[in-house]
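Spelled out from the first residue to the last, the chains are:
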Amino acid sequence: MPAELAKIFEPKAVETDVYSRWIKQRAFAADPAAAGESYCIVIPPPNVTAALHLGHALNNTLQDVLIRFRRMQQYNTLWMPGTDHAGIATQTVVEKRILAEEGKRRTDFAREDFIARVQAWKDEYEKRIINQLELMGCSCDWDRTRFTMDEVCARAVRETFFRLFADGLIYRGKRLVNWDVATQTVLADDEVEHETVQGNFYYLKYPLAHEVVAHGMRFEAITVATTRPETMLGDTAIAMNPRDPRAAALVGQMVRLPIVGRLIPIIADEHVVLPNPESEDEKARFSTGFLKVTPAHDPDDYAIRERRNAACPEAPIDIINVLAPDGTISDKHGWTDWDTVKNPDVENIVGMDRFEAREAVVEFFRREKLLEDVRPYTHEVGHSYRSHVPIEPYLSDQWYVAVKKPISNFRFPISNLSDRGLAEERDRVTYLKDTDVPVNSLAGLALAPLMDGRVKFTPDRYATNYRTWLENLRDWPISRQLWWGHQIPVWSGAIEKFSWFVSSQLIEECRHASDDSAPVIVSVPGRSAHEGVNAALQARNTVEGTIGYLTVPPGCEHIEKQLEEHGLVRDADVLDTWFSSALWPFSTLGWPEQTDALKKYYPGDVLCTAREIITLWVSRMVMMGQYCAGDIPFSDVFIHAMIQDGEGRKMSKSLGNGIDPLDIIDSHGADAMRFTLVSMTTQTQDVRMPVQKMKLPDGREVNSSPKFDAGRNFCNKLWNAARFAMMNIAGAPAWSQIRPGADLSDAWILSRLNATIAQATASIEAFRFNEVADTLYHFMWDEFCDWYLEIAKNRINAGQQDPKAVVAHCLDVLLRLMHPIIPFITEAIWQNLNDVCPVRGPGAAEAEPLLVRAQWPMADSAAINENAQQNFDLLQEIIRQVRNVRTQHNVPPSRRVDVAIEADGHVKELLTQNADLLRFLAQVQTVTFRSGDEPAPANAAAVVAGGAKLYVLDVVDAAAETARLTKQAQTLEKGIAGIMGKLANEKFVANARPDVVAKERQRLEQLQADLAHVQASLAALK
RNA sequence: GGGCGUUUAGCUCAGUUGGUUAGAGCAAUUCGUUUACACCGAAUAGGUCGCUAGUUCGAAUCUAGCAACGCCCACCA
């Protein structure tokens, strides 16, 4: 690197070089055996679906700021990197690409072949992502890079699945699920997006099987209201509220379902909304009082059926599924009475898409004069977050994790929350206070650390999201009908096929492998709990052909092979992506092995992420961290803003308003990008970044934002300040040879420097990132460059040596303070500074060879000098006013002016000692002092501040001077009037804090004195 | 429907427990290439802090109501 820096900072010239220097020196490598308290951050693993966007740049910059800060504070740091396989998202992307490029569908491939294709995509994108992170300057320990589907993580997934199964927390459930007909997979509740849709309420008449005459009323038909007419094909009952006056006559009657001709009963259910056209409740206004019950296609109806069948088992309501997984009407997926109801009208509809069928059904009712009305209706409809098609409630077999089931014999101690009033016992179960969440359930394990304060959110309002979600949590469906993911380790088959296994040695082997007394698990549907070997033996006595399920611990591949040889079949589905993501904080460290890394770095410290995955991911990490590793995965959760474009829209590919971090690194440099992002990180939930087109040198037109110019300008300013400093500080005296408090400007800048250290440190610790950036920006630019360096320049030219040492020290500290935000440029400058001035500041030793490992500065409270700051403030005010006079009077910058000063006591002394500052900074030739008794000099402009009066001599523009002074007088009068008003108010004087009143009085005095000076000068002008 | 957030200069945003004349960056105006930096320097201009009411000696800040915009959550009759 050249001894003298280039005139303009060229990021490209230093970034690669600096980064490879860090890698060579293994600056990011975590050593569990090394000294130092641990500090660990795990990266939110980016999805391998695509390259990183600006949100990732923000997210990872903040993590890097934190980890670099703590590394400099000499913590034993680990930033764990890696990527996420992102099941649905990645599979969808790859499927789309293969379809577009080769015209092939997933089902045209064998499973292994398709997975290989996705794997190839993953390999490519993982490489790109890691390369992007490196270009951003991220200081991850790359040797530890993990992938949610690699061997180490897969082992943790298998172990966790086994434990959950063994603890009876995984079960097979027939449930109505959120079915995405496009991707043909089930979605968790939180993967469903609700969108407002303009739809219709259709009023359909169903004829009664027999006319009813009762209580003076005559009924031939009833009318139901529905937004999804096509589901009527699966209606198996009509429900009405028992309080409905018509109920007495109609409940128990039968209805003949149009089109299908099925006879279905009218039943009573209290949840049916009574019709009321006047009601505030929209449902009551639209209701007819009769609710069609379609248990296979509506969760409400499913619940009605369960209630009814529990209460009335002798006459159960059927459940009939009329949809195929692809969303077409089908008689092949659980249309149980097809043979008895089939007729040309129904057969005509079978095979239609659900929306086509909707029209066909409505048309049938219209033709048969059974369509009573169609009313427009705006309502919320669930859509797939992935395919964006409306979700279909669909009856399906899925694996679930029971989240509120108490875990008996939980393997880790559970902290006693009752003593602290955070838990209470009801019916022999301990629940978290004011919830139905048992302390020893998975949800309880996640919620307790928030309640007892072990996990803290910043900003804290996000804790509410986390809490409400867990309090209302329902069981977690974990199976996904995909190929890309962790295949579910469950083998199933008719129960009699298990007998050889139960009596074989393999069971013992499994027990051994599980490192636990928990045996192989066999569970049988119909039993809520899974049971062990004994249950399996019992289960042999159950009906032949009953399906049993079995899982084995990790590391028993030979057993898995034998299971398959004996005709047991492995579940084709894979686990929900979040299942492996939930284990990320410890699976990456080698859990369940008790590795050195796990022992040293778990629990970690901070999780830094966006608010959208607080529930999906953050809560599950806490849950599984507690369940698997026996402790919380991190103590702080920092939630940063989401970046939007200038109009407040999300940045997205489809809108074309996204900004590619690599383009910004190309055009502005990684440091500039980082600085801008950090300075935008306030505590709000969104930040806007106006997007503008930008032309790159290679001719490409890309999105950028003027916001990044601020970061680039800042880096350039720092670069030049450092360049200038290093031209001047060679041969700086040792700190012990100077008197850093003797000169006002030295005392002032050192005071400001130490205040800045304290402020920056406190701000990072509190995650107030924008405050860190603002503090450093202000100190570096407005104080160090604009004032101190200008002064030092002149003093050094005048032969003074002290400023050299002070400049070197300030630059040294500034580089340290800025390193976490702008690591490349600071490291590059550091290398030069070490050449020019290896020993600097109060320490006598040579500076650390690498800034990345240098010590974070400590504020020296003794250097903080209120007096120097006040005095310097006054000098700044006077200098600004002299400059203002020069501008107002059109004094050419090259012309030096003379000033005559009227001042007394302390101010006079201050101005006498620091007259040089006026000369250096306001282009003043001579400074003289005069008495107030002398007549005011002619052709002079007057400057009034802090009780002093300065005449700038021989600047002749009476009109300009009058205007200037009049304006100043007005400002002063306004201030005086304000204060006088306050002081005239007895209540203010009586009630306000005495120091506030005293301050006002003092200020009034000052303003009045200044006003008197100004008025005197004005009078003299006339 | 429930919850949360935002509203301050033309634009993007700060403003920590209520207390000087409400700040910054960008943009704007005027001047300037004096050997660190024109990705710069100096100076200037620009705001009844969304609206209304209240608490207080004092409100951008606290309370209530209203409005606009946005986000999250909620079983589509």
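The following paragraphs examine the structure supplied in this document. Treat the numbers as computed from the prediction; the structure is a model and nothing was measured. (Residues numbered from 1 in each chain as written. Chains lettered and ligands numbered in written order. Predicted model: local features only at pLDDT ≥ 70, side-chain atom pairs only at ≥ 80, totals over all residues. Heavy atoms only, no water.)

The element strand E22 (residues 547-551) is extensively covered by neighbouring structure, given that four of its five residues are classed as buried. With four bridges connecting them, strand E20 (residues 491-494) and E22 associate as antiparallel partners. Bridging across to E22, Trp 491 finds its partner in Leu 550. (Buried < 20%, exposed > 50% of the residue type's maximum accessible area, 1.4 Å probe, protein only. Helix = DSSP H or I, 4+ residues; strand = E, 2+ residues; numbered from the N terminus. Pairing = 2+ DSSP bridges.)

Throughout the structure, instances matching the rule amount to 39 aromatic pairs. Their ring planes at 35 degrees and their centres at 6.2 Å tell us that Tyr 206 and Phe 365 sit as a pair that is tilted. Of this pair, Tyr 206 sits in strand E7 (residues 192-214) while Phe 365 sits in helix H11 (residues 354-367), and the two are 159 residues apart along the sequence. Judged by its relative accessible area of 0%, Tyr 206 falls in the buried class. (Phe/Tyr/Trp six-rings, centres within 6.5 Å; stacked < 30°, edge-to-face > 60°.)

Running from amino to carboxyl end, helix H25 (residues 744-765) crosses helix H29 (residues 866-888) at an angle of 115 degrees, the nearest separation of the two axes being 9 Å. Accordingly, the angle class assigned to the pair H25 and H29 is roughly perpendicular. Crossing of H25 against H29: the hand is left-handed. Within the contact between the two elements, H25 uses Leu 744, Ser 745, Ala 747, Trp 748, Ser 751 and Arg 752 and H29 uses Ala 868, Gln 869, Asn 871, Phe 872, Leu 875 and Gln 876. Here the residues of the contact of H25 with H29 are counted per class, giving six nonpolar, five polar and one charged. (Axes fitted to C-alpha atoms, helices over the stretch in contact; angles between N-to-C directions. Parallel < 35°, antiparallel > 145°, perpendicular 65-115°, else oblique. Left-handed = near helix turned anticlockwise from the far one by under 90°. Contact = heavy atoms within 4.5 Å. Nonpolar A, V, L, I, M, F, W, Y, C, P; charged D, E, K, R; others polar.)

This part takes up the sheet that holds strand E6 (residues 185-187). The antiparallel open sheet is built from four strands, whose spatial order is E6-E5-E14-E18. This sheet does not close on itself; its edge strands, each paired only once, are E6 and strand E18 (476-477). For strand E14 (residues 392-401) and E18, the ladder comprises two bridges, and the chain directions are antiparallel. From the neighbouring strand, Tyr 400 faces E18, where its bridge partner is Pro 477.

Surrounding RNA strand B, one finds 63 residues, the nearest of these being Ala 225, Leu 291, Lys 707, Trp 781 and Lys 967. Among atoms of RNA strand B positioned within 4 Å of the protein, sugar and phosphate together represent 59%. Between a base oxygen of RNA strand B and a side-chain N or O atom of Arg 712, the distance comes to 3.3 Å. Here Arg 883 contributes a side-chain N or O atom positioned 3.5 Å from a sugar or linking oxygen of RNA strand B. Ranked by the residues each element gives to the surface near RNA strand B, the list is headed by helix H24 (residues 707-728), at ten residues. (Near = heavy atom within 4 Å. Polar contact = N/O pair within 3.5 Å; in protein donor to acceptor, adjacent residues only side chain to side chain.)

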